[in-house]
Amino acid sequence: MSKRKAVYVSKIKRAVHMLFYRRHKKPGVKGWELRKALGSDYPKVLSILDEYLKPLDLQVKMVLEEGEKPLSEKPTLEELDRARFYITLRGDLTPKEAKMIGWRIDDLAGLAITIAYIISKQGKVPRKEVEELLREKLPGWKASPNIDRYIRYGYIAQDENEQLYLDWRTRAEVDQKALIDLLLSSKG
Amino acid sequence: MQSKKERVKIGRERLQRIIEICKAVEERGLDPFLVDVDEIIRVVREFFPDWKQPEDLCLDAEAINRLASVVKLQSEWVKHHSTSLYTDPFLLEEKIKSLDKEALVEAFLGAWRPIVELEQISIHSLKEALIYWKSLPPIRNRWKDLPHPEETGGIASWEELLRLKILRDKAFTEELESFWNELKRLVAEKGGDGKIRYWDFVGAETFEETVHRAFLTSFLVTYGYATLEVYPLEDEIFIKPFEKQQKRMSRQQLVSLPIAITHEEWEKWKRGRAEAK
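Worth saying up front: this structure is predicted, and the values here are computed from it rather than measured.

For the rest of this paragraph, the subject is the overall build of chain B. Of the regular secondary structure elements, chain B holds 12 helices and 3 strands. Expressed as a percentage of its 277 residues, the buried residues of chain B come to 29%.

If you want it as structure tokens, here you go:
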């Protein structure tokens, strides 16, 4: 093994440790943390790791800070430093698999409704409206505790005026455009 | 014709209303295009020459600031509507209502890529834990710094009460009866209506002696040698000796009466006694 290859193998291992194991309260690693640990060529390390993860149906996902514009071109080093990197699933889960990772069908449907409705209302919606909408599909008593659960998991956030927003986990895990398209194209 | 004072008053009210409208749009997520920006600017401009007081200028600045926030919301609204993410909320709401739970979940799973995260300990954190453990002083050294736990109340044994000089080494019944006689004597000397103030009876020169007398008094009452009369409104308690020991009536409801014998109370009683002399 060439010296250069050995260096990258070691950096990939280090990146795997950092990305798979939770280091902070929230999962994921900031770009600047990766730069500090892996060196300035960390984007290259992540791209090699992403290739390795492909057959395992996993991917390295980069999520920009809230409010930053989506990256259409090659991101700058500053943008990368502020971004957060996660390992996420690459493909789809089946409903059976979703149940196996601890989600009831009711709760997932509620999450889908909540996220889609917030997106359609430009990212901000009164909690009461979401609760009413959830009551259409879930038992009435579950609406409010379910919203609290989505808040706890980091999918949505609530401000002092009881307005709901999308939070960090939705930005990391949900392809918002795909969700809306899939919902609109579903046959009821 | 409006006087200048009236005009200023009307101007303030209109600015206040503008601030309220803009605030409602911002906080309640209302449609920002409900606000007629041109009209608001016209109003702000119309009244601006009348503002002389700093408070009025602040109000004017706040109205402009709020309006700027609404314009920002309008800009975001336009941006959102021009992106591919825009969906008519009514259309989506109707769609959500028409879909069953399974269809909703299926759509969501097509767009959901959950994060893979492990919470197990890593080599790195294991190393950090080892360093921490090595630098940790032995527990016996750390315990020195811990505060002593507060002693909680418990039951005192006869021997302990003797050791603490709360009880004397003398037959208890004998001591109680001589104490009863003392009570009867004091009531005859200093009391009235066959009773004496509780503190005048238990109070002594030292706090320790006072506690001891209060302790014995509690037995006088419990064993039927005396009774207490409590006047809550006057905050007074009297002790009244019986001529003969009373037998407890089985059907009579017994009542516990806690009386705090604190150092402060004792000092207060002592001060009161000195003043009376």
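Turning our eyes to something else, we now look at helix α1 (residues 4–28) of chain B. All names here are of chain B. The first and last C-alpha atoms of α1 sit 36 Å apart over 25 residues, in line with the 36 Å expected at 1.5 Å per residue. Looking only at α1, the buried set comprises V8, G11, L15, I18, I19, C22, A24 and V25. After α1 finishes, the residue G29 shows a positive phi value of roughly 70°.

Let us look at the sheet that holds strand β3 (residues 84–89) of chain A. Residue and element names in this part refer to chain A. Sheet architecture is open: 3 strands sit in the order β1-β3-β2, paired in antiparallel fashion. What marks the edges here is a single partner per strand, and that holds for β1 (29–30) and β2 (58–63). As paired elements, β1 and β3 share 2 bridges and run antiparallel to each other. The partner of V29 across the bridge, within β3, is F85.

Within the fold, I96 of chain B resides in helix α4 (residues 89–98). Looking at I96 of chain B, the relative accessible area reads 1%, which means it is buried.

Take the packing of helix α2 (residues 31–38) of chain A against helix α3 (residues 42–53) of chain A next. Residues and elements named next belong to chain A. At a minimum axis separation of 9 Å, α2 and α3 run at an interaxial angle of 95°. Relative to α3, α2 is oriented roughly perpendicular. Taken together, the residues of α3 that come into contact with α2 (itself represented by G31, L34, R35 and L38) are Y42, V45 and L46.

As a further point, take the side chain of K142 of chain A. All names here are of chain A. Within the secondary structure, K142 sits in the loop between α7 (127–135) and α8 (143–153). Here K142 falls in the buried class, since its relative accessible area comes to 10%. If sequence neighbours within four positions are ignored, K142 has contacts with R104, D106 and D107.

Moving on: the pairing of β3 of chain A. Residues in a regular strand point their side chains to alternate faces of the sheet. All names here are of chain A. Most of β3 is tucked away, with 6 of its 6 residues classed as buried. As paired strands, β2 and β3 are joined by 6 bridges and run antiparallel to one another. Note that in β3 the partner of V63 across the bridge is R84.

As a further point, take the pattern of salt bridges. Across all of its chains, the model carries 32 salt bridges over all chains by this definition. With a shortest N-O distance of 2.6 Å, D107 of chain A and R149 of chain A are connected by a salt bridge. You can see D107 of chain A sitting in helix α6 (residues 105–120) and its partner R149 of chain A sitting in helix α8, a full 42 residues away along the chain. Among the residues examined, R149 of chain A registers a relative accessible area of 15% and is labelled buried. Salt-bridge contacts for R127 of chain A lead to D148 of chain A; the nearest nitrogen and oxygen are separated by 3.0 Å. Residue R127 of chain A is found in helix α7, and its partner D148 of chain A is found in helix α8; the two are separated by 21 residues along the sequence. Several salt bridges share partner residues, and in doing so they unite D106, D107, K142 and R149 of chain A together with K101 of chain B into one network.

Turning to the packing of aromatic side chains, a few remarks are in order. Evaluated as defined, the whole model comprises 14 aromatic pairs over all chains. Arranged with centres 6.5 Å apart and planes meeting at 10°, the rings of Y86 of chain A and W168 of chain A form a pair that is stacked. Taken together, the residues Y86 of chain A in strand β3 and W168 of chain A in helix α9 (residues 168–173) connect sequence positions 82 residues apart. On the basis of relative accessibility, which here comes to 12%, the residue W168 of chain A falls in the buried class. Ring centres of F33 of chain B and W77 of chain B lie 5.0 Å apart, and the angle between their planes is 70°; this geometry places the pair in the edge-to-face category. Residue F33 of chain B is located in the loop between α1 and α2 (37–47), and its partner W77 of chain B is located in helix α3 (residues 54–82); the two are separated by 44 residues in the primary sequence. For F33 of chain B, a relative accessible area of 41% puts it in the partly exposed group.

So, about the sheet that holds strand β6 (residues 163–166) of chain A. Spatially, β4-β6-β5 (chain A) is the arrangement adopted by the 3 strands of the open sheet, whose pairing is antiparallel. Looking at the sheet topology across the chains shown, the edges are occupied by β4 (125–126) and β5 (156–158) of chain A.

All names here are of chain A. Viewed as axis vectors pointing N to C, α7 and α8 meet at an angle of 120°, and their least axial separation amounts to 9 Å. The angle between α7 and α8 falls in the class oblique. In this structure, α7 meets α8 at a crossing whose hand is right-handed. Of the residues in α8, those touching α7 at R127, V130, E131, L134 and R135 are A143, S144, I147, D148 and I151. Looking at the contact of α7 with α8 residue by residue, the classes come out as 5 nonpolar, 1 polar and 4 charged.

This brings us to the interface of chain B and chain A. On the side of chain A, 62 residues touch chain B, which itself brings 43 residues to the contact. When chain B packs against chain A, close to 4600 Å² is buried across both sides, 66% of that on carbon and sulfur atoms. Summed over the shared surface of chain B and chain A, the result is 3 salt bridges. D106 of chain A is the salt-bridge partner of K101 of chain B, the closest N and O atoms lying 2.7 Å from each other. At the junction of chain B with chain A, the criterion picks out 19 residue pairs in polar contact (both at pLDDT 80 or more). Among the secondary structure elements, those contributing two or more residues to the side of chain B that touches chain A are α1, α3, α4 and α5 (101–109) of chain B. A breakdown of the residues in the side of chain B that touches chain A according to their chemical character gives 20 nonpolar, 10 polar and 13 charged.

Okay, the nonpolar core next. The biggest cluster of nonpolar side chains holds 63 residues, and the ones touching the most others in it are F85, I115 and L179 of chain A together with F108 and W112 of chain B. Top contributing element to this core by residue count: α6 of chain A, with 11 residues. Excluding residues within four positions of it along the chain, L179 of chain A makes contact with A112, I115, A116, I119 and V174 of chain A together with A107, F108 and A111 of chain B. Residues W180, I196, Y225 and A226 of chain B belong to the second largest nonpolar core, which totals 22 residues.

Rules behind the numbers
- Residues numbered from 1 in each chain as written.
- Chains lettered and ligands numbered in written order.
- Predicted model: local features only at pLDDT ≥ 70, side-chain atom pairs only at ≥ 80, totals over all residues.
- Heavy atoms only, no water.
- Helix = DSSP H or I, 4+ residues; strand = E, 2+ residues; numbered from the N terminus.
- Buried < 20%, exposed > 50% of the residue type's maximum accessible area, 1.4 Å probe, protein only.
- Expected span 1.5 Å × (residues − 1).
- Pairing = 2+ DSSP bridges.
- Axes fitted to C-alpha atoms, helices over the stretch in contact; angles between N-to-C directions.
- Parallel < 35°, antiparallel > 145°, perpendicular 65-115°, else oblique.
- Contact = heavy atoms within 4.5 Å.
- Salt bridge = Lys/Arg side-chain N within 4 Å of Asp/Glu carboxyl O.
- Phe/Tyr/Trp six-rings, centres within 6.5 Å; stacked < 30°, edge-to-face > 60°.
- Left-handed = near helix turned anticlockwise from the far one by under 90°.
- Nonpolar A, V, L, I, M, F, W, Y, C, P; charged D, E, K, R; others polar.
- Buried area = accessible area lost by both parts, 1.4 Å probe.
- Polar contact = N/O pair within 3.5 Å; in protein donor to acceptor, adjacent residues only side chain to side chain.
- Core = buried A, V, L, I, M, F, W, Y, C linked by side-chain atoms within 4.5 Å.

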